[in-house]
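Residues per chain, in single letters:
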Amino acid sequence: MPNFKEVPVLPRLERRIEAIDLARGIAIALMILSHTVSGLVGIPNVPEWGMVPVHLLTKFSSSLFILVFGVALAVAFLPRTRDEDWPRRRLKLWLRALEVWFWYKALTIVEMLPFNAPADIVNTLLYGNFAIWVEILGFYAIALLWVPLVLPFWARAPLWSRLAAIVLLAALSAWLQGFDFGGNAILKALLVDHEDYYTWGQLSRAPLVLTGLLIGEAALRCASERADRRRLVLALLALGAVMVGAFFALAAVNGDVHAAMLAVANNVGKHPPGLAFMLFSVGGAFVLLGLALAGGATAAKALLPLTLVGSDALKAFIFHIVMIFLVLRFLLERNGVYTYAETLGVGALLILGAALWIWLTRWIAARR
(Lines give C-alpha, C1' and ligand atoms only; values in the text may rest on other atoms or scores of the structure.)
Protein backbone atom coordinates (compact mmCIF):
# COMPACT_ATOMS: atom_id res chain seq x y z
CA MET A 1 0.00 0.00 0.00
CA PRO A 2 1.31 3.50 -0.80
CA ASN A 3 2.23 5.77 2.10
CA PHE A 4 0.22 8.93 1.45
CA LYS A 5 2.39 10.96 3.82
CA GLU A 6 5.61 9.86 2.16
CA VAL A 7 7.88 12.47 0.59
CA PRO A 8 9.49 10.95 -2.53
CA VAL A 9 13.13 9.91 -2.33
CA LEU A 10 13.89 8.76 -5.82
CA PRO A 11 16.69 6.72 -7.36
CA ARG A 12 18.61 8.19 -10.27
CA LEU A 13 18.99 6.61 -13.65
CA GLU A 14 21.90 7.52 -15.89
CA ARG A 15 20.39 5.68 -18.85
CA ARG A 16 17.26 6.23 -20.91
CA ILE A 17 14.25 4.05 -20.31
CA GLU A 18 13.59 2.71 -23.79
CA ALA A 19 9.98 1.90 -22.95
CA ILE A 20 9.28 5.62 -22.43
CA ASP A 21 10.72 6.38 -25.87
CA LEU A 22 8.53 3.63 -27.30
CA ALA A 23 5.40 5.04 -25.64
CA ARG A 24 6.20 8.50 -26.94
CA GLY A 25 6.89 7.06 -30.37
CA ILE A 26 3.49 5.37 -30.41
CA ALA A 27 1.86 8.70 -29.53
CA ILE A 28 3.73 10.50 -32.32
CA ALA A 29 2.96 7.75 -34.85
CA LEU A 30 -0.76 8.01 -34.11
CA MET A 31 -0.46 11.80 -34.37
CA ILE A 32 1.29 11.56 -37.74
CA LEU A 33 -1.45 9.29 -39.09
CA SER A 34 -4.13 11.67 -37.83
CA HIS A 35 -2.41 14.77 -39.23
CA THR A 36 -1.75 13.10 -42.59
CA VAL A 37 -5.42 12.23 -42.96
CA SER A 38 -6.80 15.56 -41.77
CA GLY A 39 -4.14 17.53 -43.66
CA LEU A 40 -4.35 15.77 -47.04
CA VAL A 41 -7.88 14.31 -47.18
CA GLY A 42 -9.92 16.31 -44.68
CA ILE A 43 -12.09 14.75 -42.00
CA PRO A 44 -15.38 15.28 -43.91
CA ASN A 45 -13.99 13.08 -46.72
CA VAL A 46 -12.97 10.15 -44.52
CA PRO A 47 -15.09 7.01 -45.08
CA GLU A 48 -17.02 5.60 -42.13
CA TRP A 49 -14.64 2.67 -41.66
CA GLY A 50 -11.82 5.21 -41.48
CA MET A 51 -13.50 7.20 -38.74
CA VAL A 52 -14.41 4.11 -36.69
CA PRO A 53 -12.17 2.42 -35.82
CA VAL A 54 -9.06 3.92 -37.49
CA HIS A 55 -9.40 7.62 -36.76
CA LEU A 56 -11.03 6.83 -33.42
CA LEU A 57 -7.90 5.05 -32.21
CA THR A 58 -5.69 8.03 -33.04
CA LYS A 59 -7.48 9.88 -30.21
CA PHE A 60 -5.20 8.09 -27.76
CA SER A 61 -2.34 10.15 -29.13
CA SER A 62 -2.71 13.54 -27.46
CA SER A 63 -3.33 12.18 -23.97
CA LEU A 64 -0.49 9.67 -24.28
CA PHE A 65 1.85 12.41 -25.54
CA ILE A 66 1.09 14.66 -22.54
CA LEU A 67 1.29 11.78 -20.05
CA VAL A 68 4.70 10.75 -21.37
CA PHE A 69 5.81 14.39 -21.19
CA GLY A 70 5.26 14.21 -17.43
CA VAL A 71 6.79 10.73 -17.14
CA ALA A 72 9.97 11.80 -18.93
CA LEU A 73 10.33 14.94 -16.80
CA ALA A 74 10.00 12.87 -13.64
CA VAL A 75 12.62 10.35 -14.75
CA ALA A 76 15.16 12.90 -15.99
CA PHE A 77 14.73 15.82 -13.58
CA LEU A 78 12.66 15.01 -10.46
CA PRO A 79 15.46 13.22 -8.54
CA ARG A 80 17.81 16.15 -9.19
CA THR A 81 15.74 19.08 -7.92
CA ARG A 82 17.74 19.21 -4.66
CA ASP A 83 21.14 19.18 -6.36
CA GLU A 84 23.38 22.22 -6.40
CA ASP A 85 23.24 22.28 -10.19
CA TRP A 86 19.43 22.39 -10.30
CA PRO A 87 19.45 26.04 -11.52
CA ARG A 88 21.51 24.90 -14.52
CA ARG A 89 19.06 22.07 -15.25
CA ARG A 90 16.12 24.43 -14.85
CA LEU A 91 17.74 26.82 -17.32
CA LYS A 92 18.17 23.91 -19.72
CA LEU A 93 14.41 23.30 -19.61
CA TRP A 94 13.69 26.99 -20.17
CA LEU A 95 16.04 27.06 -23.16
CA ARG A 96 14.23 24.01 -24.49
CA ALA A 97 10.99 25.96 -24.10
CA LEU A 98 12.46 28.72 -26.26
CA GLU A 99 13.51 26.19 -28.89
CA VAL A 100 10.08 24.57 -28.95
CA TRP A 101 8.41 28.01 -29.15
CA PHE A 102 10.59 28.96 -32.13
CA TRP A 103 9.61 25.82 -34.00
CA TYR A 104 5.97 26.31 -33.01
CA LYS A 105 5.97 29.69 -34.73
CA ALA A 106 8.02 28.51 -37.73
CA LEU A 107 5.74 25.53 -38.29
CA THR A 108 2.67 27.75 -37.92
CA ILE A 109 3.84 29.52 -41.08
CA VAL A 110 4.45 26.16 -42.78
CA GLU A 111 0.97 24.90 -41.83
CA MET A 112 -0.86 28.01 -43.00
CA LEU A 113 0.79 28.14 -46.45
CA PRO A 114 -0.70 28.49 -49.07
CA PHE A 115 -4.31 28.63 -47.88
CA ASN A 116 -4.09 31.76 -45.72
CA ALA A 117 -3.35 35.39 -46.45
CA PRO A 118 -0.10 36.85 -45.07
CA ALA A 119 -2.09 39.10 -42.73
CA ASP A 120 -3.85 36.08 -41.24
CA ILE A 121 -0.52 34.31 -40.72
CA VAL A 122 0.96 37.36 -38.97
CA ASN A 123 -2.14 37.67 -36.79
CA THR A 124 -1.76 34.03 -35.75
CA LEU A 125 1.94 34.46 -35.05
CA LEU A 126 1.05 37.35 -32.70
CA TYR A 127 -1.51 35.23 -30.80
CA GLY A 128 -4.48 36.87 -32.44
CA ASN A 129 -5.61 33.43 -33.56
CA PHE A 130 -4.44 29.83 -33.45
CA ALA A 131 -3.39 27.31 -36.06
CA ILE A 132 -4.55 23.67 -35.83
CA TRP A 133 -2.00 20.94 -36.36
CA VAL A 134 0.99 22.56 -34.64
CA GLU A 135 -0.78 23.81 -31.52
CA ILE A 136 0.52 20.97 -29.34
CA LEU A 137 3.97 22.60 -29.66
CA GLY A 138 2.51 25.83 -28.34
CA PHE A 139 1.28 23.94 -25.30
CA TYR A 140 4.68 22.40 -24.62
CA ALA A 141 6.51 25.72 -25.06
CA ILE A 142 4.45 27.28 -22.27
CA ALA A 143 4.39 24.14 -20.10
CA LEU A 144 8.19 24.03 -20.14
CA LEU A 145 8.17 27.46 -18.49
CA TRP A 146 6.05 26.56 -15.44
CA VAL A 147 6.87 22.89 -14.93
CA PRO A 148 10.50 23.57 -13.86
CA LEU A 149 9.12 25.89 -11.17
CA VAL A 150 6.75 23.20 -9.90
CA LEU A 151 9.23 20.29 -9.84
CA PRO A 152 11.13 21.26 -6.65
CA PHE A 153 7.86 21.63 -4.70
CA TRP A 154 6.50 18.42 -6.22
CA ALA A 155 9.65 16.55 -5.18
CA ARG A 156 9.15 17.62 -1.55
CA ALA A 157 5.39 17.16 -1.31
CA PRO A 158 3.79 14.09 0.32
CA LEU A 159 1.72 11.81 -1.90
CA TRP A 160 -1.64 12.95 -0.56
CA SER A 161 -0.94 16.57 -1.54
CA ARG A 162 0.21 15.59 -5.02
CA LEU A 163 -2.97 13.58 -5.58
CA ALA A 164 -5.04 16.46 -4.20
CA ALA A 165 -3.32 18.89 -6.58
CA ILE A 166 -4.34 16.78 -9.58
CA VAL A 167 -7.97 16.60 -8.45
CA LEU A 168 -8.16 20.30 -7.55
CA LEU A 169 -6.64 21.42 -10.83
CA ALA A 170 -9.11 19.28 -12.80
CA ALA A 171 -12.00 20.76 -10.80
CA LEU A 172 -10.67 24.32 -11.18
CA SER A 173 -10.30 23.92 -14.92
CA ALA A 174 -13.86 22.63 -15.27
CA TRP A 175 -15.18 25.47 -13.11
CA LEU A 176 -13.32 28.11 -15.11
CA GLN A 177 -15.05 26.92 -18.28
CA GLY A 178 -18.03 28.96 -17.09
CA PHE A 179 -16.01 32.21 -17.19
CA ASP A 180 -15.51 34.30 -20.31
CA PHE A 181 -12.22 35.88 -19.07
CA GLY A 182 -13.49 39.36 -19.81
CA GLY A 183 -14.28 38.38 -23.39
CA ASN A 184 -10.66 37.41 -24.04
CA ALA A 185 -11.15 34.13 -25.90
CA ILE A 186 -7.42 33.78 -26.62
CA LEU A 187 -6.56 33.88 -22.92
CA LYS A 188 -9.30 31.37 -22.13
CA ALA A 189 -8.00 29.05 -24.84
CA LEU A 190 -4.46 29.25 -23.46
CA LEU A 191 -5.60 28.52 -19.90
CA VAL A 192 -8.56 26.12 -20.10
CA ASP A 193 -9.29 25.47 -23.83
CA HIS A 194 -11.95 27.18 -25.92
CA GLU A 195 -14.43 25.49 -28.22
CA ASP A 196 -13.59 27.86 -31.10
CA TYR A 197 -9.83 27.15 -31.06
CA TYR A 198 -7.85 23.99 -31.52
CA THR A 199 -5.41 24.70 -28.73
CA TRP A 200 -4.51 23.14 -25.40
CA GLY A 201 -5.18 24.90 -22.11
CA GLN A 202 -2.42 24.83 -19.53
CA LEU A 203 -4.76 24.35 -16.58
CA SER A 204 -6.99 21.83 -18.32
CA ARG A 205 -4.02 19.63 -19.32
CA ALA A 206 -1.93 20.16 -16.16
CA PRO A 207 -3.62 17.21 -14.38
CA LEU A 208 -2.34 14.91 -17.16
CA VAL A 209 1.19 16.31 -16.83
CA LEU A 210 1.11 15.84 -13.05
CA THR A 211 -0.29 12.33 -13.43
CA GLY A 212 2.64 11.62 -15.73
CA LEU A 213 4.97 12.84 -12.97
CA LEU A 214 3.43 10.31 -10.59
CA ILE A 215 3.80 7.50 -13.14
CA GLY A 216 7.38 8.56 -13.85
CA GLU A 217 8.15 8.46 -10.14
CA ALA A 218 6.70 4.95 -9.98
CA ALA A 219 8.71 3.92 -13.04
CA LEU A 220 11.90 5.12 -11.35
CA ARG A 221 11.14 3.11 -8.24
CA CYS A 222 10.35 0.02 -10.33
CA ALA A 223 13.30 0.27 -12.71
CA SER A 224 15.30 -2.48 -11.02
CA GLU A 225 12.46 -4.52 -9.48
CA ARG A 226 10.59 -6.79 -11.89
CA ALA A 227 7.74 -7.52 -9.45
CA ASP A 228 7.14 -3.81 -8.78
CA ARG A 229 7.29 -3.05 -12.49
CA ARG A 230 4.68 -5.76 -13.11
CA ARG A 231 2.39 -4.19 -10.53
CA LEU A 232 2.76 -0.78 -12.15
CA VAL A 233 1.95 -2.24 -15.56
CA LEU A 234 -1.11 -4.04 -14.23
CA ALA A 235 -2.30 -0.89 -12.48
CA LEU A 236 -2.02 1.14 -15.70
CA LEU A 237 -3.75 -1.54 -17.76
CA ALA A 238 -6.53 -1.91 -15.20
CA LEU A 239 -7.10 1.83 -14.86
CA GLY A 240 -7.12 2.26 -18.62
CA ALA A 241 -9.54 -0.62 -19.12
CA VAL A 242 -11.88 0.80 -16.47
CA MET A 243 -11.89 4.22 -18.13
CA VAL A 244 -12.48 2.87 -21.63
CA GLY A 245 -15.14 0.56 -20.20
CA ALA A 246 -16.78 3.54 -18.51
CA PHE A 247 -16.86 5.34 -21.87
CA PHE A 248 -18.70 2.44 -23.51
CA ALA A 249 -21.02 2.07 -20.51
CA LEU A 250 -21.90 5.77 -20.68
CA ALA A 251 -22.47 5.48 -24.43
CA ALA A 252 -24.74 2.47 -23.91
CA VAL A 253 -26.78 4.33 -21.29
CA ASN A 254 -27.20 7.21 -23.73
CA GLY A 255 -28.46 4.71 -26.31
CA ASP A 256 -26.02 4.75 -29.23
CA VAL A 257 -22.48 3.39 -28.82
CA HIS A 258 -21.52 3.89 -32.47
CA ALA A 259 -22.63 7.52 -32.38
CA ALA A 260 -20.50 8.05 -29.27
CA MET A 261 -17.45 6.54 -30.98
CA LEU A 262 -18.05 8.66 -34.08
CA ALA A 263 -18.31 11.78 -31.92
CA VAL A 264 -14.93 11.07 -30.32
CA ALA A 265 -13.40 10.39 -33.75
CA ASN A 266 -14.69 13.83 -34.80
CA ASN A 267 -13.02 15.44 -31.76
CA VAL A 268 -16.25 16.20 -29.93
CA GLY A 269 -15.21 16.88 -26.34
CA LYS A 270 -11.53 17.42 -27.13
CA HIS A 271 -11.50 21.23 -26.82
CA PRO A 272 -12.53 21.90 -24.09
CA PRO A 273 -12.17 18.45 -22.51
CA GLY A 274 -15.43 16.53 -22.22
CA LEU A 275 -16.10 13.51 -20.03
CA ALA A 276 -16.68 10.96 -22.80
CA PHE A 277 -13.69 12.04 -24.86
CA MET A 278 -11.32 12.08 -21.90
CA LEU A 279 -12.48 8.69 -20.61
CA PHE A 280 -11.71 7.16 -23.99
CA SER A 281 -8.52 9.10 -24.77
CA VAL A 282 -6.88 8.95 -21.34
CA GLY A 283 -8.00 5.37 -20.77
CA GLY A 284 -6.44 4.28 -24.05
CA ALA A 285 -3.29 6.25 -23.20
CA PHE A 286 -2.94 4.36 -19.91
CA VAL A 287 -3.29 1.05 -21.74
CA LEU A 288 -0.69 1.94 -24.37
CA LEU A 289 1.72 3.26 -21.73
CA GLY A 290 1.25 0.08 -19.70
CA LEU A 291 1.91 -2.11 -22.73
CA ALA A 292 5.06 -0.13 -23.59
CA LEU A 293 6.37 -0.51 -20.03
CA ALA A 294 5.48 -4.21 -20.07
CA GLY A 295 7.41 -4.71 -23.30
CA GLY A 296 10.41 -2.81 -21.96
CA ALA A 297 13.71 -2.85 -23.83
CA THR A 298 12.71 -5.95 -25.82
CA ALA A 299 9.65 -4.29 -27.34
CA ALA A 300 11.60 -1.06 -27.86
CA LYS A 301 14.18 -2.90 -29.97
CA ALA A 302 11.53 -4.90 -31.86
CA LEU A 303 9.68 -1.68 -32.71
CA LEU A 304 12.83 0.32 -33.34
CA PRO A 305 11.33 2.85 -35.81
CA LEU A 306 8.73 3.87 -33.22
CA THR A 307 11.38 4.02 -30.49
CA LEU A 308 13.59 6.21 -32.68
CA VAL A 309 10.69 8.55 -33.36
CA GLY A 310 9.97 8.76 -29.65
CA SER A 311 13.60 9.40 -28.74
CA ASP A 312 13.51 12.80 -30.49
CA ALA A 313 9.91 13.96 -30.51
CA LEU A 314 10.61 17.51 -31.65
CA LYS A 315 12.62 16.40 -34.68
CA ALA A 316 9.91 13.89 -35.64
CA PHE A 317 7.23 16.56 -35.24
CA ILE A 318 9.13 19.03 -37.43
CA PHE A 319 9.72 16.38 -40.09
CA HIS A 320 6.10 15.34 -40.48
CA ILE A 321 4.68 18.88 -40.48
CA VAL A 322 7.20 20.00 -43.12
CA MET A 323 6.49 16.95 -45.27
CA ILE A 324 2.70 17.19 -45.05
CA PHE A 325 2.17 20.92 -45.35
CA LEU A 326 5.23 22.32 -47.10
CA VAL A 327 6.18 19.45 -49.42
CA LEU A 328 2.94 17.59 -50.13
CA ARG A 329 0.31 20.32 -49.80
CA PHE A 330 2.27 23.38 -50.95
CA LEU A 331 5.08 22.29 -53.27
CA LEU A 332 3.55 19.14 -54.81
CA GLU A 333 -0.10 20.29 -54.53
CA ARG A 334 -1.27 16.86 -53.35
CA ASN A 335 -4.08 18.16 -51.14
CA GLY A 336 -7.24 16.19 -51.92
CA VAL A 337 -5.48 13.99 -54.47
CA TYR A 338 -5.00 10.76 -52.49
CA THR A 339 -7.70 8.33 -51.46
CA TYR A 340 -8.10 7.65 -47.76
CA ALA A 341 -6.34 4.29 -48.02
CA GLU A 342 -3.47 5.89 -49.93
CA THR A 343 -3.22 8.59 -47.29
CA LEU A 344 -2.82 5.97 -44.57
CA GLY A 345 0.08 4.60 -46.59
CA VAL A 346 1.58 8.08 -46.85
CA GLY A 347 1.25 8.44 -43.09
CA ALA A 348 3.04 5.13 -42.51
CA LEU A 349 5.85 6.25 -44.84
CA LEU A 350 6.15 9.52 -42.93
CA ILE A 351 6.53 7.60 -39.65
CA LEU A 352 9.35 5.55 -41.19
CA GLY A 353 10.78 8.68 -42.78
CA ALA A 354 10.88 10.48 -39.43
CA ALA A 355 12.71 7.51 -37.87
CA LEU A 356 15.19 7.44 -40.75
CA TRP A 357 15.77 11.20 -40.50
CA ILE A 358 16.52 10.96 -36.77
CA TRP A 359 18.89 8.05 -37.33
CA LEU A 360 20.63 9.83 -40.23
CA THR A 361 21.17 13.10 -38.35
CA ARG A 362 22.62 11.18 -35.41
CA TRP A 363 24.88 9.17 -37.70
CA ILE A 364 26.19 12.38 -39.28
CA ALA A 365 26.68 14.08 -35.89
CA ALA A 366 28.62 11.07 -34.56
CA ARG A 367 31.10 11.30 -37.45
CA ARG A 368 31.82 15.01 -37.31
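Placed above this text is the structure.
One structure accompanies this document, and this report is about it. No experiment lies behind these values; they were computed from the predicted model shown.

A few points about unusual backbone geometry
Here's step 1: With an omega of -10 degrees, the peptide bond between Leu113 and Pro114 qualifies as cis.
Here's step 2: In this structure, Pro114 sits in the loop between helix 4 (86-112) and helix 5 (118-125).
Here's step 3: Here the residue pair His271 and Pro272 is connected by a cis peptide bond, since its omega of -10 degrees sits within 30 degrees of zero.
Here's step 4: Counting through the fold element by element, Pro272 comes out in the loop between helix 11 (257-265) and helix 12 (275-302).

So, the side chain of Thr36
Here's step 1: Structurally, Thr36 is set in helix 1 (residues 18-40).
Here's step 2: Its relative accessible area of 0% is what places Thr36 among the buried residues.
Here's step 3: Side-chain polar atoms of Thr36 contact the backbone oxygen of Ile32, separated by 2.6 Å.
Here's step 4: Setting aside residues no more than four positions away along its own chain, Thr36 makes contact with Val41, Ile324, Thr343, Val346, Gly347 and Leu350.

Here we look at the packing of aromatic side chains
Here's step 1: All chains considered together, the criterion is met by 14 aromatic pairs.
Here's step 2: Look at Trp359 and Trp363: their rings are 6.3 Å apart centre to centre, the planes differ by 25 degrees, and that puts the pair in the stacked class. Linking Trp359 with Trp363, this pair stays in helix 15 (residues 340-366), spanning four residues, or about one helical turn.
Here's step 3: Take Trp359: its relative accessible area is 43%, and that puts it in the partly exposed class.
Here's step 4: Judged by its relative accessible area of 39%, Trp363 falls in the partly exposed class.

Here's the deal with the pattern of salt bridges
Here's step 1: For the structure shown, the criterion picks out ten salt bridges.
Here's step 2: The closest approach of N and O atoms between Arg16 and Asp21, which form a salt bridge, is 2.7 Å.
Here's step 3: Notably, a salt bridge pairs Glu217 with Arg221, separated by 3.3 Å at the nearest N-O pair. Residue Glu217 and its partner Arg221 are both found in helix 9 (residues 202-222); the two are separated by four residues, about one turn of the helix.
Here's step 4: Residues joined by salt bridges that share partners form a network here, namely Arg16, Asp21 and Arg24.

About the cut-offs
Residues numbered from 1 in each chain as written. Predicted model: local features only at pLDDT ≥ 70, side-chain atom pairs only at ≥ 80, totals over all residues. Heavy atoms only, no water. Helix = DSSP H or I, 4+ residues; strand = E, 2+ residues; numbered from the N terminus. Buried < 20%, exposed > 50% of the residue type's maximum accessible area, 1.4 Å probe, protein only. Polar contact = N/O pair within 3.5 Å; in protein donor to acceptor, adjacent residues only side chain to side chain. Contact = heavy atoms within 4.5 Å. Phe/Tyr/Trp six-rings, centres within 6.5 Å; stacked < 30°, edge-to-face > 60°. Salt bridge = Lys/Arg side-chain N within 4 Å of Asp/Glu carboxyl O.

Any functional reading would require information that these geometric values do not contain.
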